[in-house]
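# Observations on chain architecture
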Amino acid sequence: MLSLVEDKLGRKLDRVGGDALAPRAPFDRAAHIGVHAQKQPERNWIGIVLPVGRMSADQMRALAQVARDLGDGDIRLTVWQNLIISGVRSEDVAAAQARIEALGLSISATSIRAGLVACTGNVGCKFAASDTKRHAEEIARWCESRVALDSPINIHLTGCHHSCAQHYIGDIGLLACKVQTSEDGDAVEGYHVHVGGGFGPDAAIAPEIYRDVKAEEAPRLVERMLKAYLAHRASPQESFLAFTRRHEIAALRNLIDGEAVE
Ligand code: SF4
């Protein structure tokens, strides 16, 4: 094909060395959290965790002041619904951290919280079938103290099929729905659960693994999913994504359903 193209063009195409074709290094999904040195000497950027992407107006104003006083005045937003302050002098890092923590925010996150994303949910969006941010917080709080996860994971909760939180590319994706609880049509908030979605070099749409899970049962279900991964992964290096893709959905469900939780 190349030689045919070159014949057509009437010249040789440029060639690049094999090193230019090497695959990209894997994403470090928690890399945006914490203090990191910038290329510029003595300058640092600080990744701040916003619980499920939420902050109050007072926190916004105070963070803007930290960026002005101790950084270069820039604030950047991440796709994981967290926030970065850049250009902080090395001697000011401790002061910046103290001011951030005094606001009730943190610059470190568990493997579960670093990749936790939730759309606005029914607190602020008329399309939502569930209170996604509250349920995301409940899932994180429940699982953090019960599962010792040693690698980052993405859990995405989205309130409707518009999928602002992109449930279909999360390791675990929850799509809100109403779960019927009686013949009379009574219903409670809940989720269809998807697993094994990815982005970048791992791009894939997550297939559904559970339907009509009540929101109150979601924390225990996610706990079981994470515990099944830890118990049955091929090696400590196998990611949650690779583990889920190594199994058919039915086999995965068997492993998950076999995990005991409180
Ligand atoms: S995914 Fe749906 S419910 Fe959530 S913010 Fe977007 S439109 Fe609203």
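So, here's what we can say about the structure. Residue numbers here run from 1 along each chain, matching the order of that chain's written sequence. Selection of residues for local features in this predicted model requires a pLDDT of at least 70, selection of side-chain atom pairs for listing and counting requires 80 or more, and totals for whole chains, interfaces and linings are taken over all residues. Heavy atoms from the whole structure form the basis of all side-chain values; hydrogens and water molecules are not counted.

Moving on, we come to the pattern of salt bridges. The rule for a salt bridge is simple: a side-chain nitrogen of Lys or Arg has to be within 4 Å of a carboxyl oxygen of Asp or Glu. Under the criterion given, the structure shown has 13 salt bridges. The partner of Arg-113 in a salt bridge is Glu-144, and the shortest N-O contact between them spans 2.7 Å. Here Glu-144 lies in helix 5 (residues 132-144) and Arg-113 lies in helix 4 (residues 111-114), a separation of 31 residues in the sequence. In DSSP terms, a helix is any run of H or I states spanning at least four residues, a strand is any run of E spanning at least two, and both are numbered starting from the N terminus.

Taken in spatial order, the five strands of this open sheet run 5-6-7-8-9, and their pairing is mixed. Only two strands of the sheet have a single neighbouring strand rather than two, namely strand 5 (116-118) and strand 9 (208-214). Taking the axes of each pair of neighbouring strands and ignoring which way they run, one obtains an average angle of 20° across the sheet. The pairing criterion for strands is at least two bridges between them, as found by DSSP. Pairing analysis gives three bridges linking strand 5 to strand 6 (residues 155-158), with the strands arranged parallel. Bridge pairing in strand 6 places Leu-116 opposite Ile-155. Taken strand by strand, helix 6 (residues 218-232) contacts strand 6, strand 7 (172-180), strand 8 (187-195) and strand 9, and its axis lies near 150° from that of strand 9. Angles here are taken between N-to-C directions and fall from 0 to 180 degrees, while the axes themselves are lines fitted to C-alpha atoms, restricted in helices to the stretch in contact. The criterion used for residue contact is that any of the two residues' heavy atoms lie within 4.5 Å.

Right, let's get into the site of the ligand. Think of it this way: one heavy atom of a residue within 4 Å of a molecule or strand is enough to make that residue near it. Inspection of the region around the ligand gives Cys-119, Thr-120, Cys-125, Phe-127, Ala-128, Thr-158, Gly-159, Cys-160, His-162, Ser-163 and Cys-164 as its neighbouring residues. When residues are grouped by polarity, Ala, Val, Leu, Ile, Met, Phe, Trp, Tyr, Cys and Pro land in nonpolar, Asp, Glu, Lys and Arg in charged, and all others, Gly among them, in polar. Taken together, the residues that form the shell around the ligand break down as six nonpolar, five polar and no charged.

Moving on, we get to the side chain of Thr-244. One can find Thr-244 in helix 7 (residues 240-245). For every residue, the accessible area obtained with a 1.4 Å probe (protein chains only) is divided by the maximum for its type, and the residue is called buried under 20%, exposed over 50%, and partly exposed between those limits. With relative accessibility at 6%, the residue Thr-244 sits in the buried group. Setting aside residues up to four positions removed in sequence, Thr-244 forms contacts with Val-195, Gly-196 and Leu-252.

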